[in-house]
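What follows is the residue order along each chain.
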Amino acid sequence: MSEVKKMFVGGKWVEALDKGVREIINPCDGSVLSRVADGGAEDAKRAISIARETFDVGEWSGMPGPDRAKLLWAFADEMTTHVDELAKIETQNTGKALIESEYDVYDSAACFRYYAGLINKPGGQSYNVHDPAVHSISVREPIGVCGLISAWNFPMSLAAWKLAPALAAGNTLVFKPASLTPLSNLFMFELFEKVAFPAGVVNIVTGSGDAVGQTIAESLDVDKVAFTGSVSVGRKVMTAAASNIKGVTLELGGKSPNVIFADADFAAAVDYGLFGAFYNQGEVCTASTRLLVEEPIYDKYLAALVEKTKKIKIGNGLDKGVKMGPLISEAHMKTVLEYIEKGKAEGAKIACGGNRITKPGYEKGFFIEPTIFTETRPDMAIVQEEIFGPVLVLQKFNGEEEAVRLANDTIYGLAAAVFSNDISKAIRVVRQIRAGITWINTYGPVYNEAPWGGYKQSGLGRELGTYGLDDYTEVKQININTAVAPTGWFDAE
């Protein structure tokens, strides 16, 4: 059995205080991929205490921005230097295709470089107040100790979206990776150690959400918590964060619509319909799992979509040409299969897929055929609830008004897209859809420079862009009186 991977706390690699160990499973074949320290509440408290002390000492928070930027740049360089190792670890741990993991390494490194550059740009404001003798300005300061809790579908990218701005702003942090996928994140912390981040600035505690995540969220010594995951857990994080009214960023679920008008570029609309729904096995918060297709092209579109879906190469993400791997775990696979059965019971029809793949070589893995449902109704569970797997539902519409109504008919508001060669119409429709991330004639690209987050129950706050950095700072108002003199307010008349 392989050596147990430890946690990085206070600049040292440590085991769990109670010696707990967790097995990490390879979703491709169900084998034990690795063993990691299984931390608990006391481990989280230890890391938080160290992060608190480190922040209060001020070595990192008081370090000039250019010096912090150099370390962020050095870390990004290390990530790209180790792209092959990181990508292989990510694919083995998550099941995703190797080409996806390689992209995630480069994109994560780019995120660190973006924030390394951003912290040296102007960050405050000055104000023309009514007293000419007073210079009034605002500055941004680090918020303090940040508790960062990430998800399992994009371990490196989602970590980078939190780590990079938090560090750039001058904060210290405790990071909890997803219980199922800590391996690439642990490697990232090896790189933090290699480029010599000051001890206590970056800390990683592996363990369950109930023990480690809950402790981070409710701690009085944590000033900000950022969480990516489900709506149900997001509510718990938000409630726990009320302990000291800490700042909260939540990036939660989605049931995102992709609206295909009859005048869209047909080939592109089919291609993106496939990509938006089945990229990363559909385990994507912004996945376009609701395809809204205008009635005149519905039948033609469905036929083309099914034809291409059946050609998706499914298998071990390390194998050449594979574009879709297994789901993350046996438990999650069972949940997705239950949704497929529920869809059939509700009266929806399966156009393709719908089964677990158990042919030789796949029987021990957590593979599901990419599945397309037709003849759906808005009230169906498969239309309303986030499945987080390769399950796509089609809905038929006629005209803009119905498209908008169907698109907005959900508790979520994370992402949406509109495909049409009438750009005026596309903009008109996308402006009416209540979602935080939208695309026209494309689906899915993420830009480190632009804000990421949702409306309604899809979350709170924004990651990435200048918004992402702002959320890791406090705004301080400073007023400087250049004409010092008594006020005379209480002088006797």
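Residues numbered from 1 in each chain as written. Predicted model: local features only at pLDDT ≥ 70, side-chain atom pairs only at ≥ 80, totals over all residues. Heavy atoms only, no water.

*Asks:* Looking at this structure, how should I read the overall build of the protein?
*Replies:* Counting secondary structure elements, the protein contains 15 helices and 22 strands. For 493 residues, the compact-globule estimate of 2.2 N^0.38 gives 23 Å, and the protein sits close to it at 24 Å. Counting only C-alpha atoms and orienting by the principal axes, one finds that the protein spans roughly 85 × 65 × 40 Å. Counting across all 493 residues of the protein, residues that qualify as buried make up 55%. Intrachain contacts of the protein at a sequence separation of at least 6 include 73% that bridge at least 24 residues. Surface exposure of the protein reaches about 20,800 Å², of which carbon and sulfur atoms provide 52%. (Helix = DSSP H or I, 4+ residues; strand = E, 2+ residues; numbered from the N terminus. Rg over C-alpha atoms; globule rule 2.2 N^0.38 Å. Buried < 20%, exposed > 50% of the residue type's maximum accessible area, 1.4 Å probe, protein only. Contact = heavy atoms within 4.5 Å. Areas by Shrake-Rupley, 256 points an atom, 1.4 Å probe, with all protein chains shown as cover.)

*Asks:* Would you take a moment to explain unusual backbone geometry for this structure?
*Replies:* Negative phi values dominate among residues other than glycine, just as trans dominates among peptide bonds. Phi at Ile 245 is positive, roughly 50 degrees, even though this residue is not glycine. As for its position among the elements, Ile 245 is in the loop between α8 (231-241) and β11 (247-251). You can call Ile 245 exposed: its relative accessible area is 71%. With a phi angle near 50 degrees, Lys 456 is a residue other than glycine that sits in the positive phi range. Assignment of secondary structure puts Lys 456 in strand β20 (residues 455-456). With a relative accessible area of 35%, Lys 456 lands in the partly exposed category.

*Asks:* Help me out: how do you make sense of the pattern of salt bridges in this one?
*Replies:* Opposite charge on two side chains permits pairing when their charged atoms draw close. Evaluated as defined, the whole model comprises 20 salt bridges. For Lys 344, the salt bridge is made with Glu 341, and the minimal N-O distance between the two is 2.9 Å. In this pair, Lys 344 and Glu 341 both sit in helix α11 (residues 330-345), 3 residues apart, roughly one turn of the helix. Given a relative accessible area of 37%, Lys 344 falls into the partly exposed group. Overall, the relative accessible area of 43% leaves Glu 341 in the partly exposed class. (Salt bridge = Lys/Arg side-chain N within 4 Å of Asp/Glu carboxyl O.)

*Asks:* Honestly, the nonpolar core in this entry has me stumped. Any pointers?
*Replies:* One recurring pattern in soluble globular proteins is that nonpolar side chains are buried together. Counting 101 residues, the largest nonpolar core has Phe 112, Leu 163, Leu 167, Leu 173 and Phe 197 as the members making the most contacts within it. The element that contributes the greatest number of residues to this core is helix α5 (residues 155-168), accounting for 10 residues. Judged by nonpolar contacts, the second largest core, of 28 residues, contains Ile 48, Ile 149, Ala 217 and Tyr 412. (Core = buried A, V, L, I, M, F, W, Y, C linked by side-chain atoms within 4.5 Å.)

*Asks:* Help me understand the sheet that holds strand β6 (residues 134-142) in this model?
*Replies:* The strands making up a sheet are joined through hydrogen bonds of the backbone, oriented either antiparallel or parallel. With antiparallel pairing, 3 strands are arranged side by side in an open sheet as β5-β6-β22. The sheet terminates laterally at β5 (125-127) and β22 (473-481), the two strands that pair on one side only. The sheet shows a mean angle of 25 degrees between the axes of neighbouring strands, taken without regard to direction. The pairing of β6 with β22 spans 9 bridges and is antiparallel. Bridging across to β22, Ser 138 finds its partner in Gln 477. (Pairing = 2+ DSSP bridges. Axes fitted to C-alpha atoms, helices over the stretch in contact; angles between N-to-C directions.)

*Asks:* Hey, could you run me through the sheet that holds strand β19 (residues 437-440) in this one?
*Replies:* Strands sit in the order β14-β15-β16-β13-β12-β18-β19 across an open sheet of 7 strands; the sheet is mixed. Lying at the two open borders of the sheet, with one neighbouring strand each, are β14 (349-352) and β19. The mean angle between the axes of side-by-side strands here comes to 25 degrees, regardless of whether they run parallel or antiparallel. Two elements, strand β12 (residues 257-260) and strand β18 (residues 415-419), share 3 bridges in a ladder whose sense is parallel. Note on β18: the bridge partner recorded for Ile 260 is Phe 419. Of the strands in this sheet, β12, β13 (290-294), β15 (371-374), β16 (391-397) and β18 touch helix α9 (residues 266-278), which is tilted by about 140 degrees from β16.

*Asks:* Quick question: what am I supposed to make of the environment of Arg 431 here?
*Replies:* Counting through the fold element by element, Arg 431 comes out in helix α14 (residues 423-432). For Arg 431, a relative accessible area of 71% corresponds to the exposed category.

*Asks:* Which parts of the structure should I look at to understand the pairing of strand β4 (residues 32-37)?
*Replies:* The side chains of a regular strand alternate between both faces of the sheet. Two elements, strand β3 (residues 21-25) and β4, share 5 bridges in a ladder whose sense is antiparallel. Paired with Glu 23 across the strands is Arg 35, a residue of β4. Connecting β3 to the antiparallel partner β4 that follows it, the hairpin turn spans 6 residues, and Gly 30 within it adopts a positive phi of roughly 75 degrees.

*Asks:* I tried to follow the state of the cysteines on my own but got confused; where do I start?
*Replies:* Working definition: the covalent bond between the sulfur atoms of two cysteines is a disulfide. One pass over the structure, following the stated rule, counts 0 disulfides. Free cysteine Cys 285: the closest other cysteine sulfur is in Cys 111, separated by 15 Å. Classification of Cys 285 by relative accessible area gives buried; the value is 12%. (Disulfide = S-S within 2.5 Å.)

*Asks:* Is there a simple way to explain the packing of helix α1 (residues 41-57) against helix α7 (residues 209-218) in this structure?
*Replies:* To describe two helices that pack against each other, one gives the angle between their axes and the distance between the axes. Relative to each other, α1 and α7 sit at 40 degrees, their axes nearing to 8 Å. If you check the angle between α1 and α7, you find them oblique. Seen from above, α1 lies across α7 with right-handed handedness. Facing Ala 41, Ala 44, Lys 45 and Ile 48 of α1, the residues of α7 in contact are Ala 211, Val 212, Thr 215 and Ile 216. Taken together, the residues that form the contact of α1 with α7 break down as 6 nonpolar, 1 polar and 1 charged. (Parallel < 35°, antiparallel > 145°, perpendicular 65-115°, else oblique. Left-handed = near helix turned anticlockwise from the far one by under 90°. Nonpolar A, V, L, I, M, F, W, Y, C, P; charged D, E, K, R; others polar.)

*Asks:* Help me understand the packing of aromatic side chains in this model?
*Replies:* One pair of aromatic rings is described through two measures. These are the centre distance and the angle between the planes. Applying the stated criterion to the full structure yields 17 aromatic pairs. Aromatic pair Trp 152 and Phe 388: ring centres 5.4 Å apart, planes at 90 degrees, arrangement edge-to-face. Note that Trp 152 is positioned in the loop between β7 (145-149) and α5 and Phe 388 in the loop between α12 (381-384) and β16, a separation of 236 residues in sequence. In this structure, Trp 152 and Phe 388 share a single accessibility class: buried. For the pair Trp 161 and Trp 452, a centre-to-centre distance of 5.3 Å together with 65 degrees between the ring planes defines the contact as edge-to-face. With Trp 161 in helix α5 and Trp 452 in the loop between β19 and β20, this pair connects stretches of sequence that are 291 residues apart. Cluster of aromatic residues (ring-pair linked, three or more members): Trp 60, Phe 75, Phe 112, Phe 175, Phe 189, Phe 192 and Phe 197. (Phe/Tyr/Trp six-rings, centres within 6.5 Å; stacked < 30°, edge-to-face > 60°.)

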